[in-house]
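Observations on the model geometry
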Amino acid sequence: MASETAESNPVSVSEGNADKYNVEAAEILANEALRLPISDAVPVYEQLLATFPTSAKYWKQYVEAFMAVNNDEATRQVFSRCLLNCLQVPLWRCYIRFIRKVNDKKGIEGQEETKKAYEFMLSYVGADIASGPVWMEYIAYLKSVPAQTTLEESQRMTAIRKTYQRAIVMPTHHVEQLWRDYENFENSVSRALAKGLVAEYQPKYNSARAVYRERKKYVDEIDWNMLAVPPSGSSKEEMQWTAWKRLLSFEKGNPQRIDNASANKRIAFAYEQCLMYLYHYPDIWYDYAMWHAQSGSRDSAIKVFQRALKALPESEMLKYAYAELEESHGAAQAAKKVYESLLGDGANATALSHIQFIRFLRRTEGVEAARRYFLDARKSPNCTYHVYVAYAMMAFCLDKDAKLAHNIFEAGLKRFMHEPSYILEYADFLCRLNDDRNTRALFERALSSLPPDESVEVWKRFIQFEQMYGDLSSMLKVEQRRKEALSQTAENGESTLESSLQDVVSRYSFMDLRPCSSKDFDHLARQGWLSRNVNKKVESSVPANAAGSTDQSISGIPNNSNISGKIVHPDVSRMLTQGPRQQPGPPVSALSGVSNTLANGTAADSGGTTSAIHDVLKVLPPSLATFVANLPAVEGPSPDVDFVISICLQSNITSASRKSGTPQQLSGGPAPSTSDLSGSSRFKQTRDRRPGKRKDSERQDDDDTSTVQSQPLPRDAFKIRQLQKSRATSSRTGGSASYGSGFSGDLSGSSG
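Residues numbered from 1 in each chain as written. Predicted model: local features only at pLDDT ≥ 70, side-chain atom pairs only at ≥ 80, totals over all residues. Heavy atoms only, no water.

The name that an unreviewed UniProt entry assigns to the protein chain is Cleavage stimulation factor subunit, with the source organism given as Sesamum alatum.

Describing the overall build of the protein chain
Under the convention used in this document: Going along the chain from the N terminus, every DSSP run of H or I of four or more residues is numbered as a helix, and every run of E of two or more is numbered as a strand. To sort residues, take the accessible area from a 1.4 Å probe on protein chains only and compare it with the maximum for the residue type: under 20% means buried, over 50% means exposed, and anything in between is partly exposed. In this analysis, two residues are considered to be in contact whenever any of their non-hydrogen atoms come within 4.5 Å of each other. Working definition of accessibility: Shrake-Rupley area with a 1.4 Å probe, residue cover restricted to the visible protein chains.
What the protein chain contains, in helices and strands, is 36 helices and zero strands. Out of the 752 residues in the protein chain, the part that is buried amounts to 38%. Of all intrachain contacts in the protein chain linking residues separated by at least 6 positions in sequence, the fraction that spans at least 24 positions is 56%. About 42500 Å² of surface is accessible on the protein chain, with carbon and sulfur atoms providing 52% of the total.

Structural notes on the packing of aromatic side chains
For clarity, the cut-off: To pair, rings of Phe, Tyr and Trp, with the six-membered ring standing in for Trp, must have centres within 6.5 Å; the planes then decide the type, stacked if under 30 degrees apart, edge-to-face if over 60, and tilted in the middle. Note on geometry: a ring has a charge over it if NZ (lysine) or CZ (arginine) is within 6 Å of the ring centre and within 35 degrees of the ring normal.
Going through the model one piece at a time under the given rule, you end up with 48 aromatic pairs. Pairwise contacts between aromatic rings join Phe374, Tyr385, Tyr388, Tyr391, Phe396, Phe409, Phe416, Tyr422, Tyr426 and Phe429 into one cluster. When the ring centre of Phe521 is taken as origin, the NZ or CZ atom of Arg514, which lies over that ring, is 4.1 Å away.

Description of the UniProt feature "repeat: TPR" (unreviewed entry) in the protein chain
Worth spelling out the cut-off: UniProt positions are given in the numbering used here, feature names are shortened, and annotations may be inferred rather than shown by experiment.
What UniProt calls "repeat: TPR" (unreviewed entry) maps, in this numbering, to residues 282-315. Structurally, residues 282-315 is divided into 79% helix and 0% strand, and its ends, taken at the C-alpha atoms, are 8 Å apart.

Concerning the packing of helix H21 (residues 420-432) against helix H23 (residues 456-469)
Definition in use: Working convention: axes come from line fits to C-alpha atoms, limited for helices to the stretch in contact. Angles between N-to-C directions cover 0 to 180 degrees. Here is the rule for angles: anything less than 35 degrees is roughly parallel, anything more than 145 is roughly antiparallel, 65 through 115 is roughly perpendicular, and the remaining ranges are oblique. The sense of a crossing depends on the near helix, which, turned anticlockwise from the far helix by less than a right angle, makes the crossing left-handed and, turned clockwise, makes it right-handed. Residues are sorted three ways: Asp, Glu, Lys and Arg are charged, Ala, Val, Leu, Ile, Met, Phe, Trp, Tyr, Cys and Pro are nonpolar, and all the rest, Gly among them, are polar.
For the pair H21 and H23, the least separation of the axes is 10 Å and the interaxial angle reads 15 degrees. As far as their axial angle goes, H23 and H21 are roughly parallel. Judged by the sense of rotation from one axis to the other, the crossing of H21 with H23 is left-handed. In this structure, H21 contributes Pro420, Ile423, Leu424, Asp428 and Cys431 to the contact, and H23 contributes Glu457, Val458, Arg461, Phe465 and Tyr469. Class assignment for the residues of the contact of H21 with H23 results in seven nonpolar, no polar and three charged.

A closer look at the pattern of salt bridges
To be explicit about the condition: Any carboxyl oxygen of Asp or Glu that lies within 4 Å of a side-chain nitrogen of Lys or Arg is treated as forming a salt bridge with it.
Inspection of the entire model under this criterion finds 30 salt bridges. Among the ionic pairs, Arg93 bridges to Glu137, the shortest N-O distance being 3.1 Å. Taken together, the residues Arg93 in helix H5 (residues 89-103) and Glu137 in helix H7 (residues 132-144) connect sequence positions 44 residues apart. Using a relative accessible area of 32% as the deciding quantity, one classes Arg93 as partly exposed. A salt bridge links Glu410 to Arg445, with the shortest nitrogen-to-oxygen separation between them at 3.8 Å.

Quick notes on the state of the cysteines
Convention followed: Only a pair of cysteine sulfur atoms within 2.5 Å qualifies as a disulfide here.
Counted under the stated rule, the structure contains zero disulfides. Its sulfur unpaired, Cys94 is 8.7 Å from the next cysteine sulfur, which belongs to Cys82.

Some thoughts on helix H20 (residues 402-415)
To keep it simple, the criterion reads: Expected helix span is computed as 1.5 Å times (number of residues minus one). Our arc is simply the arc of the directions from the helix axis toward the C-beta atoms. Nitrogen and oxygen atoms within 3.5 Å of one another constitute a polar contact, given that in protein one can donate a hydrogen and the other can accept it, and given that sequence-neighbouring residues count only through two side-chain atoms.
Here H20 is 14 residues long and its end C-alpha atoms lie 20 Å apart, about the 20 Å a rise of 1.5 Å per residue gives. Ala405, Ile408, Phe409, Gly412 and Leu413 are the residues of H20 that are buried. Viewed end-on, H20 has its buried residues packed into an arc of 140 degrees, placing them on one side of the element. Exposed residues pointing more than 90 degrees away from the buried face of H20 are listed as Lys403 and Lys414. Along its buried surface, H20 packs onto helix H18 (367-377), helix H19 (385-397), H21 and helix H22 (436-449). Between the side-chain oxygen at the start of H20 and the backbone nitrogen of Lys403 there is a gap of 3.4 Å, and the oxygen is on Asp401.

Structure follows, in structure tokens:
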């Protein structure tokens, strides 16, 4: 079928037309086109397909619009533009419906055309995992074709058998059903013949079924409704790229162990389907072309590159790869055309394209051709110092012409004296020639014209040069000149002029060898950072009670001994020290020193704190005063009141209104630990070992239970549990035992 591919109208990708790939807007347009007359819908479809040329669903919708109005000629034109680039079963089944509709009334001639259309379709999408219905439809069509003679009947049965045998070795969703149909077909023809044929194809079918199960795992990860948009780096796009890579790798492994021709056909089909969705990914195009080239099909690789450049006309990577393929196979003229497409008219050619074309001409046409083009390229407005460096080094390394390379560098110096990178490249070249006198002259010329803020790297290279070629006196002089020149740009110029031990380390280091340990080197780097920031004003506010952190906050230096000179540290001198402040109020201020006072027997500080503490303790019951004495000092935010109350309820506090002189503990013995709050076995055993005392404690709790039950339920969850525990205790009878947790309030009447 003659095809005018949809890729002939590429859409360039840039930030300016990013809205063109708006998927939501495209869906709205497609839905709107369904409601429009065909004459009004055509521009909408053309706009959609110019942006998404590999969208099978838009092509299908477009062609069905023409089929609905019986415009056969327009339908054929649309199919010729999309079929070979959109290998999707629904679109191809739409094509078969159109062919059958056109040929049904043509008799035998129409039947032959329909068979050819089916074979044409199966040759492209027959390997699709969803092609099972296509095979079944084709077989059903062959069975429906009438046979007038015995010969025709025999030919018809042979065609059906061959189609079945091709279908059952395809790993599709319907492979099992196709196998059952094939068995029934052979048995209906001849049971004797069926036994041998079924035994022959049984292993092939088993292999196809096993491969299908593995293949389905990879296919299920792919979004078949995804539109081809330029990569944006989203997680969904990366997942789809990974899913396609896995499927391609699976197909390349030839899991079904079929012949190379069939395996290559399946791999090519997988690539074609992949490009429907990853149409704007140059790496997929490159992999596809290189796979063809490695398989020995250079012509197919060239066609893939040509399609890729239509899809991504701005991709220089693909152009260089295409030119490389042509040149590697000896097609220098074809490769030259690709390079010329990179250069264009020369006005918009990049420096890199000039350099690569010079190298190409040097490889294919010789030194003179490269020299002529360099003379033309240096007149280009886009010619940068890179072109001079590249051609000079090519003359020096390839042509062994040091004089020509030196002349090129000198010619470029007149134009690019303001480029530090060019100066460094020129200096490296002179060092290779061991020309120390001209190298010093180059540094002097460059440093006299470069502004201080752009000369840092040149000074650094000048010092390295003197360390290699000069003596101690010249080294020290260059270092001092560097400090004087760069002190103009530094905030603390005086400290920059001073000598430091780091200068000694720099002078006496070689490659990765240093005259000090790593620890000393890190220490010097830290001291260098200190010296650059020693005069900065400290703007942090230090609270009076944070004297311990005053020195550290004033210095503004992070307390880290492993500071490397390459690490950019934050200006910690601007950080504020966290100084928690207590809430104002008599209880907090009075109780802040209770713990230290009662524990040590002396006042924690002066200024009336001791008297204030004693005044507070006088009004507290003795048991509460003892509890308060064990509380830690609070020097921060106020504690959670509910949490403190829960601690109080679990502590061994003696009753304030005890009736006897002996202390009376809470019922149940000692307060359990946190791990025992849910009714652990250790706590249960403690309670069960004291049955006599338990009854006494229950009687003593009865007095308090009535008052507790008469009160409304508190809002705190812990208090509710305590109330439930008290009520459960009062409701127990003589020897009954509870296996629930008294603290959690979850009581259980069963013993198991």
